[in-house]
Amino acid sequence: MTTSIRSREHAEAPGALRETWSSRLAFILAATGAAVGLGSIWKFPYITGMNGGGWFVLVYIFFIVVIAVPIMIAEILLGRMSRSTPVGAFRSLTHAHSPWLTVGWLGVVSSFLILSYYSVVAGWTLHYAVLSAFNVFAGLNPEQITAQFQSMYASPTINLIWHAVIMSLTVLAVLGGVKSGIERWNSILMPLLLLMMVVLFGKALSSTGFLEALDFVFGPHSERITGRGVLEALGHSFFTLSIGVGCMITYGSYLAKDESVVKNSLAIAGFDTLISLLSCLIVFPIIFTFGLKPDAGPGLVFVSLPIALSKMTGGGLWGLTFFLLLAIAALASAISLLEVVAAHFVDEYHWSRKRAALISGLTVFAFGIPSALSGGTRLFGTDFSHLTGHVLGASQSRNWFDTIDYLASNYLLTLSSLGVALFLAWRVGEASTYPNFAPGGGSRRLFRLWLLTLKYVVPLAVVMVFLNLVGLI
Ligand code: PHE
């Protein structure tokens, strides 16, 4: 394998035959599609609710600007400079046996792991879209709606079928390649997402709970945010911008040389933040209108929201729009995750795109089966509890699904982000990075500020996250 890579490097300039995005907009749509997902529309509202709104949102925006965007710039740059997927990116800027390659591997493995359970939750959103379409919530009381979520979570059949549907759609998109696959799918999915968002926001605007929601999300409340809340905001800023999983490296590798990475990154982060805030302003008005609590946790969207919908006229249609929106956002993110894995095989082992997409998709599907079965342990009469129970030395209360999520989205993602920041700032260095940072010669001061952030601020932030994870702060 090493020889084939070496000879390829000699035979052609890296990335000479590489597909590129057809326009700046195409890249922004695809990268925004990667960023906007379950994290922005499902998780952000519920962690905002659990952390009391106001201050939490402010702290989150601060981290997006000061920590996450600089890392995103670093990843896109790394991809564009090397014109390679993560492992190749580190190899082309060092050598074939450099320990830095581990950072690239971390990205590919994280994408694989995250997609395996992300697809299961994405499946829930499709299931809930169908339930809404049949107006199922209308006839149920809150206890029944809660029980319905639990029974879906526990049903192997429902979870496996939707997991398969999401993975098949994802493979279909990745099969087509950069232009006629990822780009084309996102050019349909993203405008649709925006349109649905606007319609739902219009509806929320006219609800009686809107002002209360506005105050909750933006108002400076007297209760202070906890240290744990601050670190949760930091961790989420990584996940929501899809950094630390090789995704922005891969998408950046298809970006034209003359594009401004800084401007594009700001646009992507801006869109993602806008959608996250809008999601809060869609979910909370409904929650408050029906007198429900904002701190319901992960059940906010799958339990509290349907309870509100059950009391609302036209709740079925509203629910259908909301859950489809969520499914679309999740699908675009799933596509970016599979692309990292599939493109790795195309670049590293010269597999055809078709083969890479199919085999990666199937493997992710198989690896996601225990996650799909995590809520229930019996399938066709067979007990799977040994598979889904407490693995990898996880704590008593963590099943396979939670364990993979915990490992990938906390440890691997932050480690890989740290690796990218350290690599560019300390190893690649100023002289090689600056011409790529600002192709036409841009502000040196901005560049230095960014480099300083990567050198000192990002490592400090990551250390804090780790200390919190291991319970030291
Ligand atoms: N950013 C996506 C979200 O908010 C999740 C994701 C993480 C997607 C990493 C791709 C890579 O849901």
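Our structure is the block above this text.
Residues numbered from 1 in each chain as written. Predicted model: local features only at pLDDT ≥ 70, side-chain atom pairs only at ≥ 80, totals over all residues. Heavy atoms only, no water.

Residues apart from glycine generally show negative phi values, whereas peptide bonds are mostly found in trans. The backbone of Ser242 shows a phi angle near 55 degrees, a positive value even though the residue is not glycine. Positionally, Ser242 belongs in the loop between α11 (227-240) and α12 (247-252). Given a relative accessible area of 9%, Ser242 falls into the buried group. (Helix = DSSP H or I, 4+ residues; strand = E, 2+ residues; numbered from the N terminus. Buried < 20%, exposed > 50% of the residue type's maximum accessible area, 1.4 Å probe, protein only.)

Our focus in this paragraph is the site of the ligand. For the ligand, the set of nearby residues contains 14 residues, the closest of which are Ala35, Gly39, Tyr118, Phe239 and Ser242. Ser242 places a side-chain nitrogen or oxygen 3.0 Å from a nitrogen atom of the ligand. Taken by itself the ligand offers 320 Å² of open surface, and the protein chains cover 100% of this. Spatially, the ligand is embedded in the largest cavity. Of all the secondary-structure elements, those providing two or more residues to the shell around the ligand are α2 (24-35), α3 (38-50), α11 and α15 (315-349). (Near = heavy atom within 4 Å. Polar contact = N/O pair within 3.5 Å; in protein donor to acceptor, adjacent residues only side chain to side chain. Areas by Shrake-Rupley, 256 points an atom, 1.4 Å probe, with all protein chains shown as cover. 1 Å grid on protein atoms, 1.4 Å probe; cavity = no way out; pocket = protein on both sides within 12 Å on 5 of 7 lines; lining within 4 Å. Sits in = over half its atoms within 2 Å of the grid points.)

This paragraph deals with the packing of aromatic side chains. Per the counting criterion, the structure on display carries 39 aromatic pairs. Judged by centre distance (6.1 Å) and plane angle (20 degrees), the ring pair of Phe302 and Phe323 falls under stacked. Within this pair, whereas Phe302 is found in helix α14 (residues 299-310), its partner Phe323 is found in helix α15, the two being separated by 21 residues in sequence. Of the two residues, Phe302 and Phe323, both sit in the buried class. A centroid spacing of 5.0 Å and a plane angle of 65 degrees characterise the contact between Phe437 and Phe447, whose relative ring orientation is edge-to-face. One end of the pair, Phe437, is in helix α18 (residues 400-437); the other, Phe447, is in helix α19 (residues 444-469), and 10 residues separate them in sequence. Taking NZ or CZ as reference, Arg444 lies 3.9 Å from the ring centre of Tyr434, over its face. Between the NZ or CZ atom of Lys455 and the centre of the ring of Trp426, over which it lies, the distance is 4.9 Å. (Phe/Tyr/Trp six-rings, centres within 6.5 Å; stacked < 30°, edge-to-face > 60°. Lys NZ or Arg CZ within 6 Å of the ring centre and 35° of its normal.)

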